[in-house]
Amino acid sequence: MTFKVLDDRAGQVIRTSKQGAVEVTCNKASAAGSVSQRACTFCGSRVVLYPIADALHLVHGPVGCAAYTWDIRGALSSGPELHRISCSTDLREREIVLGGEKRLEESLRGLIARYSPRAAFVYATCVVGVIGDDVSAVCKRVEADVGIPVIAVQSEGFRGTKRDGYSAATRALLELIGTGSIDSVGPLSINLLGDFNVAGESWIIKEYFSRMGVEVVSVLTGDGRVDEIRRAHVARLNVVQCAGSMTPLAKAMEEKYGIPFIRVSFFGIEDTAKALYEVAEKLGDKAVAQRAQELVRAELGKVLPALKEFKKDLQGKRAGLYVGGAFKAFSLVRALRQLGVTVALAGTQTGSREEYEELQAVCDENTIIVDDTNALELANFLVEQDIDVFIGGVKERPIAYKLGIGFCDHNHERKIPLAGFEGAVAFAREIHATATSPIWSLMPRKASRVRAALAKAVAL
Amino acid sequence: MTCATEHALSHSVSDAATVNPCTLCAPLGAVLASAGVQGAVPLLHGAQGCATYIRRYLISHFREPIDVASSSFGEAQTVFGGESNLHRALDNVARQYQPKLVTVATTCLAETIGEDVGRLLRSYEEKRDRHPPVVSASTPSFKDGHVEGFHTMVRALVESLALQRGTPLRSVNVLPPIVSPADLRHLSEIASAYGLSPTILPDYSETLDGVIADHYRPLPSGGTRIEDIASMPRALATLDLTLTGTAPRASAVLCERGVPMRLLGLPIGIRASDGLCDALGEISGASMPDWLEMERGRLLDAYADGHKYVFGKRVALYGDPELVVGLAGFLAEIGARPVLCATGARNRALRNALEGLPSGTVEEVIEDGDFGAIEVACRRLKPELLMGSSKGYHMARALGVPLLRVGFPIHDRMGAGRLLFVGYRGSAQLFDNVVNTLLEVKQSASPTAFSYL
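Residues numbered from 1 in each chain as written. Chains lettered and ligands numbered in written order. Predicted model: local features only at pLDDT ≥ 70, side-chain atom pairs only at ≥ 80, totals over all residues.

This part is about the overall build of chain A. Helix and strand content of chain A: 18 helices and 14 strands. For a compact globule of 460 residues, the expected C-alpha radius of gyration is about 23 Å, and chain A comes in at 23 Å, within 12% of that figure. Reported as C-alpha extents along the three principal axes, the dimensions of chain A are approximately 85 × 60 × 40 Å. Within chain A, the fraction of its 460 residues that count as buried is 58%. Of the contacts formed within chain A by residues at least 6 apart in sequence, a portion of 73% connects residues at least 24 apart. (Helix = DSSP H or I, 4+ residues; strand = E, 2+ residues; numbered from the N terminus. Rg over C-alpha atoms; globule rule 2.2 N^0.38 Å. Buried ≥ 20, exposed ≤ 12 C-beta atoms within 10 Å, placed from the backbone. Contact = placed C-beta atoms within 7 Å.)

Quick look at the overall build of chain B now. Assigned secondary structure in chain B consists of 18 helices and 14 strands. Scaling as 2.2 N^0.38, a compact globule of 453 residues should have a C-alpha radius of gyration of about 22 Å, and chain B matches this with 22 Å. Reported as C-alpha extents along the three principal axes, the dimensions of chain B are approximately 75 × 55 × 45 Å. For chain B, the proportion of its 453 residues judged to be buried stands at 59%. Considering only intrachain contacts with a sequence separation of at least 6, the fraction spanning at least 24 residues in chain B is 72%.

One finds A:A120, A:V122, A:V153 and B:L317 to be the most contacted residues of the largest nonpolar core, which totals 297 residues. Here A:V153 is in contact with A:S45, A:L49, A:F121, A:V122, A:Y123, A:A124, A:A168, A:A169 and A:A172, once residues within four sequence places are set aside. (Core = buried A, V, L, I, M, F, W, Y, C linked by C-beta atoms within 7 Å.)

Before going further, it helps to examine the interface of chain A and chain B. Contact residues are listed per partner, giving 64 residues for chain A and 59 residues for chain B. If one sorts the elements of the side of chain A that touches chain B by residue count, helix α4 (residues 101–115) of chain A sits on top with 6 residues. When grouped by side-chain class, the residues that make up the side of chain A that touches chain B number 37 nonpolar, 15 polar and 12 charged. Here strand β3 (residues 87–88) of chain A pairs with strand β1 (residues 18–19) of chain B via 2 bridges, running antiparallel. For A:C87, the partnering residue across the bridge sits in β1(B) and is B:V19. (Nonpolar A, V, L, I, M, F, W, Y, C, P; charged D, E, K, R; others polar. Pairing = 2+ DSSP bridges.)

This brings us to unusual backbone geometry. That bond from B:L201 to B:P202 is cis: its omega, -5 degrees, falls within 30 degrees of zero. With respect to the helices, strands and loops of the structure, B:P202 is situated in the loop between β7 (197–200) and α10 (226–230). Geometrically, the link from B:F408 to B:P409 is a cis peptide bond, its omega value of 0 degrees lying close to zero. Here B:P409 is to be found in the loop between β14 (403–405) and α18 (423–445). In this structure, A:N366 is a non-glycine residue whose phi angle is positive, near 65 degrees. Structurally, A:N366 can be placed in the loop between α14 (353–362) and β12 (368–371). If you check the backbone angles, B:R348 has positive phi at about 55 degrees while not being a glycine. Relative to the helices and strands, B:R348 is located in the loop between β11 (337–342) and α15 (350–353).

Interfaces are often sized by the amount of accessible area the parts lose when they come together. Residues and elements named next belong to chain B. Assigned domains of chain B: these are domain 1 (6–19 + 290–445), domain 2 (26–161) and domain 3 (171–284). Here domain 1 and domain 3 have C-alpha centroids that lie 24 Å from each other. Elements that contribute at least two residues to the side of domain 1 that touches domain 3 include exactly α13 (290–310), α14 (321–333), α15 and α18. Ranked by the residues each element gives to the side of domain 1 that touches domain 3, the list is headed by α14, at 9 residues. When grouped by side-chain class, the residues that make up the side of domain 1 that touches domain 3 number 19 nonpolar, 7 polar and 5 charged. (Domains from an automatic or database assignment.)

With that settled, consider the sheet that holds strand β3 (residues 69–70) of chain B. Residues and elements named next belong to chain B. Spatially, β3-β2-β4-β5 is the arrangement adopted by the 4 strands of the open sheet, whose pairing is parallel. Of all strands in the sheet, those with a lone pairing partner are β3 and β5 (134–137), marking the two edges. In this structure, strand β2 (residues 40–45) lies alongside strand β4 (residues 101–106), joined through 6 bridges in parallel fashion. When the sheet's bridge partners are listed, H45 is paired in β4 with T106. Relative to the sheet, helix α8 (residues 146–161) contacts β4 and β5, its axis offset from that of β5 by approximately 140 degrees. (Axes fitted to C-alpha atoms, helices over the stretch in contact; angles between N-to-C directions.)

With that out of the way, let us pick up the domain arrangement of chain A. Residues and elements named next belong to chain A. Domain boundaries in chain A define domain 1 (7–25 + 315–415), domain 2 (41–176) and domain 3 (189–298). Put simply, the middle of domain 1 and the middle of domain 3, counted by C-alpha atoms, are 27 Å apart. Listed as interface residues are 15 residues of domain 1 and, on the opposing side, 14 residues of domain 3.

Attention shifts here to helix α8 (residues 201–212) of chain A. Residues and elements named next belong to chain A. Between its first and last C-alpha, α8 extends 17 Å over 12 residues, near the 16 Å set by a 1.5 Å rise per residue. Along α8, the residues that are buried comprise E201, S202, I204, I205, Y208, F209 and M212. All buried residues of α8 fall inside an arc of 165 degrees around its axis, so they share one side. Taken together, the buried residues of α8 touch β6 (189–195), β7 (215–221), α11 (269–283), α12 (286–314) and α17 (420–435). G213 occupies a position one or two residues after α8 and carries a positive phi of about 80 degrees. (Expected span 1.5 Å × (residues − 1). Arc of directions from axis to C-beta.)

Residue and element names in this part refer to chain A. In terms of burial, strand β4 (residues 119–124) is a largely internal element, 6 of the 6 residues being buried. Neither face of β4 is open: one carries A119, F121 and Y123, the other A120, V122 and A124, and all of them are buried. Summarising the sheet, strand β2 (residues 55–60) and β4 pair through 6 bridges and their orientation is parallel. The residue of β4 that forms the bridge with H60 is A124. One ladder, built from 4 bridges, connects β4 with strand β5 (residues 150–153); its direction is parallel. Looking at the pairing, F121 lines up with I151 of β5.

All right, on to helix α3 (residues 48–62) of chain B then. Residue and element names in this part refer to chain B. Its 15 residues give α3 an end-to-end C-alpha distance of 21 Å, which sits within 8% of 21 Å, the value for a rise of 1.5 Å per residue. With 14 of its 15 residues buried, α3 lies for the most part within the structure. Positive backbone phi, approximately 55 degrees, marks R63, located one or two places after α3.

To continue, consider the environment of B:F311. Within the secondary structure, B:F311 sits in the loop between α13 and β10 (314–318). Separated by 20 residues in the primary sequence, B:F311 and B:L331 have C-alpha atoms spaced 9.4 Å apart.

Let's shift gears to the packing of α11(A) against helix α13 (residues 326–338) of chain A. Between two packed helices, both the angle of their axes relative to each other and the distance between the axes serve to describe the pair. Residue and element names in this part refer to chain A. Axis separation between α11 and α13 bottoms out at 8 Å; the angle between their running directions is 125 degrees. With respect to each other, α11 and α13 are oriented oblique. The residues of α13 that touch α11, namely those facing I269, E270 and D271, are S331, R334 and Q338. Across the contact of α11 with α13, the residue classes break down as 1 nonpolar, 2 polar and 3 charged. (Parallel < 35°, antiparallel > 145°, perpendicular 65-115°, else oblique.)

Another aspect to go through is the sheet that holds strand β12 (residues 364–366) of chain B. Residue and element names in this part refer to chain B. Here we have 5 strands laid out as an open sheet, ordered β12-β11-β10-β13-β14, and parallel in their pairing. The sheet terminates laterally at β12 and β14, the two strands that pair on one side only. For this sheet, the mean inter-axis angle between neighbouring strands, taken without regard to orientation, is 25 degrees. In the sheet, strand β13 (residues 385–388) pairs with β14 via 3 bridges, with the strands oriented parallel. Each bridged residue has a counterpart across the sheet, and for M387 the counterpart in β14 is L404. Against the sheet, helix α16 (residues 371–381) makes contact with β10, β11 and β12, and its axis sits at roughly 160 degrees relative to β11, the strand it touches most.

Further remarks concern the environment of A:V333. Residue and element names in this part refer to chain A. Mapped onto the elements, V333 comes out in helix α13. Each C-alpha atom, one on V333 and one on V343, is 6.1 Å from the other, the two residues being 10 residues apart in sequence. Contacts of V333, omitting those with residues within four sequence positions, involve V343, A346, V362 and C363.

Rendered as structure tokens:
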């Protein structure tokens, strides 16, 4: 069967060329029957708020939505771990017919009494939007009695894409921000937006800022704490790492509290260094800038020799990547280039038009760019582009492996920190471990090439 | 067996919410059933997330690609109905995969807005000249979990596709509950050894435990052939390996179409495996083949060698009811004590299915429970071993009790697809694993580093 991209997806797949960027169709609902790699609005809200570790996260709906998001992220906490349990109102037929408000209220009160959270988030799922529960009213009622913020997240799966889920999470966070103490915050203070402390990455980044003399008021939402989020409005600068999910929040905070924001990335040594310099520059403090330079120099000294070693083996390899947001994709293209690896396939679930322009600019010619791709497209493009290592999440993993292609998990389930300078080495190690594994030479596709090469060598 | 209190049967310990569910949703079961049919693509009627979450969950267990399509509801479909999206999804699935069959299962959303999938499919068939056959099942998760979703889809497949009449074939229908690909392969091997051609439905032994090819297959090879499903009414008998059902099952449909049914349960342990082999012997008129006789003997030999290590050991079981029943029977047979039998399934059939065990073996049964309730029960019952899915790991760690991973999902170990439990061979592997898990604890806890136990 010859492969052809679905008509419904025309314009969502392009190839970079010398002629410059072309417009990529994006930010639209997944085509029905396409087998998109995307989840839903609920997923977008759930992943953003997930790492807030001292909040109760109650999924209001039938049991599945909560079951699939139980302990799903590698987001670590230095203290409470309420985020790692899965709470569901587990709606049954009775509630579908009669309404779920009573059950929601009972569940909320019971769970709050049992776990003493600092706040509670209630996620509305598809059916809740249909049966007409007034989730906000229940939340307000419970909040008035229990004395902690109880926040409704309007995350019904059908409301839109994952991106719309980010917006719902943003609205929920804005209900918390601005309600905490404004004491003892200096001018050299920032919030880190869009780092989720996967495998402890927020801690790595916070340590850099601590060395630079910059105070991190709040991380949204890695190793998140309700009280820290409540006072996020006092920071002088918002540093946005996961731009896809957190730009709406940064914009809202700029509007409401006058906090400027910059978009950065801590993936790869280039982008990490650039991020630290930009923060220093934005804060306008010479001493901080000086310390940033010293830090970057010291860290580079530590990691460059290791990266050089990996590059020796990786030079000339070809990579494909499919990630959630575009900013991570830019960073990965640069980080892989640093390792001698060319990106020949790049895509995102939620990229915007401008982001795809930039993605085309950072990629080499003849790179396939995909928006909201599906399993079959990925499989075909991996072969077409002769990819050696694919970078994505769990859903992409077996597609690569079934083709005898290496894989690196760069999604939120991973347990290895890939951010910052040490993260860059871990990333290189991951890529190296999979791209240079001897097993691939045994797999049918590669083995036939090895046999052909051997035959040729013998003939010579 | 004492009756569990109402307290243990409630959703969880202190409130109405479910905390750490011990079940998944019904469409997941339907997808799994569909994955065992050759050339079938599952399609979920509802919002995109359900399909993607289920894919991710199944991929983490089987470590295989599994494509699940969605009719991708947005707000408009939620308000006005999803007819055009379902039709478009069917078109796109047909174009991309050229499937032999599409299975449509409903999500909570589609059911809540009252979608009449039967009508939508009829209107599709009227509009299109050529299209793959479609089988649909109603699987709202507010009604039931993945176990019922699985059986509902199997029944729908049989109802729609198993229509052939004619002279009897020398075949046997095997309807397993959710088991591993290795289990499915072994069931086929055993039935074949009696000279019967088995039609196992579903059979994801290859589709979800496949090989690496030199090119990507849009649809994995393997699965029950549709023509074999069609001829199921011509089989000599149906072996239904699920005791814990309450809803009408596929075996009942086949029974109505003239195939005698035998209700057996999962063949784990000597007695249950004997039950399967006796049934196959009676159906085929053949006697047990020598190799199987040898495997039976080796299992008995293993029991003799290891019985003291397991005698009286208190074990807590949780998971799909059929697996729990199978394991409980096995543990009772070897002298261990399945003191807690727990499931998140709601069909309330577990308790009855455990009635046959010697009295006092099971101390508590939890149905429709979550891990919150199971953990509380464990603290009371003090098991020395837990057996169940990976999702009990938190609990096992909190309790300081070893966990032997069985069932679905296994997300933190390799080889879930190769775990074998059924038959004498599978039981021997299971027995070794139970004994070795207990020995490991004993050895690690001993102040003396014995290398000889």
